[in-house]
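Spelled out from the first residue to the last, the chains are:
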Amino acid sequence: MMHDDQVNIDIDIARQMIRDQFPQYRHEDITSVGSSGTVNAIFRIGSKSAARFPLRAMNPTECADMLRSEAAAMVEIGKHCLFPTPQPIGIGEPGPRYPMPWALQTWIEGEVATPHGLSGSTMFALDLARLVASLRQADTRGRRFDGQGRGGHLPDHDDWMAVCLENSEGLLDVARLRDLWARLRELPCAGSVVMSHKDLIPANLLVQGERLVGVLDGGSFGPADPSLDLVVGWHLLDRERRAAFRSGLQVEDLLWKRGAAWAFQQAMGLVWYYRRTNPAMSALGRSTLSRILADPDI
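Residues numbered from 1 in each chain as written. Predicted model: local features only at pLDDT ≥ 70, side-chain atom pairs only at ≥ 80, totals over all residues. Heavy atoms only, no water.

**With respect to the environment of E169**
Phase 1 of the analysis: In this structure, E169 sits in the loop between α4 (158-167) and α5 (174-184).
Phase 2 of the analysis: With 15 residues separating them along the chain, E169 and L184 place their C-alpha atoms 20 Å apart. (Helix = DSSP H or I, 4+ residues; strand = E, 2+ residues; numbered from the N terminus.)

Okay, here's the thing in structure tokens:
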């Protein structure tokens, strides 16, 4: 269990709910999808669909509202993203053994990216630049950052960072990391919001060979700090390939450093929180922090 409020969902429960509520899938093979994801349990349905069951307990009405909002964002990102991204199919109802609504979406083929698998690929780095550029070109339609999670003001995360630093004692060089956050949090804002995926981590990117072939988890697509999606360079690329990624987007210095700050904020929450329950996510935090600390420009 990764979370104190985690809801039980397994293949037997998922299979029964999918087949009962969506009888068109009654004869499809339904399998559990192994993933380092922390928000949903994923189950593949045949070759073209998937079900996502939220893992953390919440009010069913609020959960349904969240899933409808995510579905709208998935449709919007699908119109602008240069790479395939899952599209919503429907929303399932709570059942006797699982207490919340859940979602059906299309399936995208590909291998899940890893922090080091394509870290030395310039081709992949340029695909990532094309991805971020395509999302930024979407119209915000006058919307502002909604205040949820990363993508607003860096100092708003001071309380969470204090928790992360305290819980990282004995795991990381906390004194050095505390000093770095003290500097990163002071970076000034870097322009108007742009449309952003908001969570470009390896688990949300699909690859084949050295190419990006799919972008997952687009349900948070919305306006945010223009530097937020730059975290993908720190999560996935070595120094030389980060330079290619940055050049492909023509990122100026302040924006680049703010991207490192958001990657730092995210990574600090991964190492200790998922240390025992999700080793892949914990390792991602470590590798991202190592890249940031080793970069002389940061």
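Now that the structure has been shown, the text picks up again.
**Brief notes about the sheet that holds strand β9 (residues 211-215)**
Phase 1 of the analysis: Pairing is antiparallel in the open sheet, where three strands are placed in the order β6-β8-β9. Only two strands of the sheet have a single neighbouring strand rather than two, namely β6 (111-112) and β9.
Phase 2 of the analysis: Two elements, strand β8 (residues 205-208) and β9, share four bridges in a ladder whose sense is antiparallel. Across the sheet, the residue bridging to L206 is G214, located in β9.
Phase 3 of the analysis: Sitting on the sheet, helix α3 (residues 122-136) touches β8 and β9, and the angle it makes with β9 is about 35°. (Pairing = 2+ DSSP bridges. Contact = heavy atoms within 4.5 Å. Axes fitted to C-alpha atoms, helices over the stretch in contact; angles between N-to-C directions.)

**Quick notes on the packing of α5 against helix α9 (residues 279-294)**
Phase 1 of the analysis: For the pair α5 and α9, interaxial distance at closest approach is 12 Å and the crossing angle is 70°. Considered as vectors, α5 and α9 are oriented roughly perpendicular to each other. You can see that α5 and α9 cross each other, and the crossing is left-handed. The residues of α9 that touch α5, namely those facing R176, L177 and L180, are L289, I292 and L293.
Phase 2 of the analysis: A class-by-class count of the residues in the contact of α5 with α9 yields five nonpolar, no polar and one charged. (Parallel < 35°, antiparallel > 145°, perpendicular 65-115°, else oblique. Left-handed = near helix turned anticlockwise from the far one by under 90°. Nonpolar A, V, L, I, M, F, W, Y, C, P; charged D, E, K, R; others polar.)

**With respect to unusual backbone geometry**
Phase 1 of the analysis: Positive phi outside glycine occurs at R141, with the angle close to 55°.
Phase 2 of the analysis: On the basis of relative accessibility, which here comes to 55%, the residue R141 falls in the exposed class.
Phase 3 of the analysis: Positive phi outside glycine occurs at Q250, with the angle close to 55°.
Phase 4 of the analysis: Assignment of secondary structure puts Q250 in the loop between α7 (239-249) and α8 (253-271). (Buried < 20%, exposed > 50% of the residue type's maximum accessible area, 1.4 Å probe, protein only.)

**Examining the nonpolar core**
Phase 1 of the analysis: Grouped together as the largest cluster of nonpolar side chains are 59 residues, with contacts concentrated most on L128, L131, L205, F245, F264 and M268.
Phase 2 of the analysis: Broken down by element, this core gets its largest block of residues, ten residues, from α8. (Core = buried A, V, L, I, M, F, W, Y, C linked by side-chain atoms within 4.5 Å.)

**Some words on the packing of α4 against α8**
Phase 1 of the analysis: Contact geometry for α4 and α8: axes closest at 9 Å, N-to-C directions at 45°. Relative to α8, α4 is oriented oblique. As for how α4 packs across α8, the hand of that crossing is left-handed. Across from W160, M161, C164 and L165 in α4, the residues of α8 making contact are F264, Q265, M268 and G269.
Phase 2 of the analysis: Its residues placed into classes, the contact of α4 with α8 shows six nonpolar, two polar and no charged.

**Topic: the pattern of salt bridges**
Phase 1 of the analysis: This model, assessed by the stated rule, comprises 19 salt bridges.
Phase 2 of the analysis: D12 serves as the salt-bridge partner of R15, at 3.9 Å between the closest nitrogen and oxygen. Note that R15 and D12 are positioned in helix α1 (residues 11-21) at a spacing of three residues, about one turn of the helix.
Phase 3 of the analysis: Taking the shortest distance from any N to any O, the salt bridge between R211 and D127 comes out at 2.9 Å. Of this pair, R211 sits in strand β9 while D127 sits in helix α3, placing them 84 residues apart in sequence.
Phase 4 of the analysis: Overall, R211 belongs to the partly exposed group, its relative accessible area being 38%. (Salt bridge = Lys/Arg side-chain N within 4 Å of Asp/Glu carboxyl O.)

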